[in-house]
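# Coordinate analysis (summary)
Residues per chain, in single letters:
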Amino acid sequence: MTVRFRPLDPLADAELIHPWVTHPKAAFWMMQGAKLQDVEREYMAIAANPHHDVFIGLVDDEPAVLMERYDPRHVELVGLYEPRPGDVGMHFLVAPTDTPVHGFTRLVITAVMRELFDDPATARVVVEPDVRNTAVHALNAAVGFVPEREIRKPEKDALLSFCTREQFDAAVGAAL
């Protein structure tokens with residue numbers, strides 16, 4: 001399977017991602033009950049933010065992933081930790097499916113991390129998933145993330161975790 005990313009177009013892609021972000025399996029995305037217009041507004045706001053980007057991940061040319069990249073000095077984690085040069089924040093969501101493929105989500109998070117580390121300015125990826133999201137904690141650990149501590153955000157209690165390029169390489173067994 002090949003994975004590539006393209007920028008999300010908030011208006012053109014809202015109908016595509018609306019069922020993804022509102023699906024019961026996307027509860028930690030915190031958009032349950034959002035209407036199509038809410039999704040358009042949310043992603044228009046992200047598109048307007050110079051410190052936050054959103055991408056659609058295409059797996060074998062089929063849209064299957066939503067990936068956000070952000071600068072934690074300006075978005076999400078302001079005042080919650082001491083950012084280092086080269087820190088990049090990340091969120092990802094796999095589209096719901098009726099036919100799950102074993103190992104698919106691991107393939108996706110590996111591709112997301114490769115995409116982020118393809119930028120030589122990225123030294124470390126930062127994530128802050130909900131402390132209750134044990135599935136994503138296991139995925140994060142599989143690609144090299146190390147939890148630092150729990151933090152309280154306005155919308156959740158989160159597990160602040162970091163992954164350097166070296167930790168990623170060691171975890172996935174392949175240098176970038």
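Residues numbered from 1 in each chain as written. Predicted model: local features only at pLDDT ≥ 70, side-chain atom pairs only at ≥ 80, totals over all residues. Heavy atoms only, no water.

Time to look at the packing of aromatic side chains. All told, the structure shown has two aromatic pairs when counted by the stated rule. Each ring, one from Y81 and one from F162, has its centre 5.4 Å from the other, and the planes form 50°; the classification is tilted. One end of the pair, Y81, is in the loop between β3 (62–70) and β4 (87–94); the other, F162, is in strand β7 (residues 156–164), and 81 residues separate them in sequence. One residue, R124, lies across the ring of F162, its end atom 3.9 Å from the ring centre. (Phe/Tyr/Trp six-rings, centres within 6.5 Å; stacked < 30°, edge-to-face > 60°. Helix = DSSP H or I, 4+ residues; strand = E, 2+ residues; numbered from the N terminus. Lys NZ or Arg CZ within 6 Å of the ring centre and 35° of its normal.)

Looking at where V143 falls in the secondary structure, it is placed in the loop between α4 (134–142) and β6 (146–153). Of the residues examined, V143 reaches a relative accessible area of 0% and is grouped as buried. Sequence separation of V143 and T110 is 33 residues, and the distance between their C-alpha atoms is 6.5 Å. Non-local contacts of V143, meaning those with residues more than four positions away in its chain, are made with I109, T110, M113, C163, Q167, F168, A171 and V172. (Buried < 20%, exposed > 50% of the residue type's maximum accessible area, 1.4 Å probe, protein only. Contact = heavy atoms within 4.5 Å.)

M90, F92, V112, M113 and F145 are the most contacted members of the largest nonpolar core, which totals 25 residues. For this core, the elements supplying multiple residues, two or more each, are β2 (52–59), β3, β4, α3 (104–117), β5 (124–127) and α4. Per element, the largest residue contribution to this core is eight residues, and it comes from α3. Those residues in contact with M90, other than ones at most four positions away along the chain, are E68, Y70, V112, M113, L116, V125, V126, V127, E128 and F145. Core analysis: the second largest hydrophobic core is formed by 18 residues, I17, V39, I56 and L93 among them. (Core = buried A, V, L, I, M, F, W, Y, C linked by side-chain atoms within 4.5 Å.)

Read across the open sheet, the seven strands follow the order β1-β2-β3-β4-β5-β7-β6; overall the sheet is mixed. Each of the sheet's edge strands pairs with one partner strand only, and the pair in question is β1 (3–7) and β6. In this sheet, adjacent strand axes meet at a mean angle of 30° when their direction is disregarded. Pairing geometry for β5 and β7, over four bridges, is antiparallel. For V126, the partnering residue across the bridge sits in β7 and is F162. Contacting β2 and β3, helix α2 (residues 36–48) crosses the sheet at an angle of about 115° to β2. Where α3 meets the sheet, it contacts β1, β2, β3, β4, β5 and β7, and its direction lies at approximately 150° from that of β4. (Pairing = 2+ DSSP bridges. Axes fitted to C-alpha atoms, helices over the stretch in contact; angles between N-to-C directions.)

Moving on, we come to the packing of α3 against helix α5 (residues 165–172). Where α3 meets α5, the axes come as close as 11 Å, and the angle between the chain directions of the two elements is 145°. Where α3 crosses over α5, the two elements pack in a sense that is left-handed. From α3, R106, T110, M113, R114 and F117 reach across to α5, where they touch R165, F168, A171 and V172. Across the contact of α3 with α5, the residue classes break down as five nonpolar, one polar and three charged. (Left-handed = near helix turned anticlockwise from the far one by under 90°. Nonpolar A, V, L, I, M, F, W, Y, C, P; charged D, E, K, R; others polar.)

Attention now moves to the pairing of β7. Most of β7 sits out of view: eight of its nine residues are buried. Where β6 meets β7, seven bridges bridge the pair, whose relative direction is antiparallel. When the sheet's bridge partners are listed, K153 is paired in β7 with K156. Linking β6 to β7, which pair antiparallel, is a turn of two residues.

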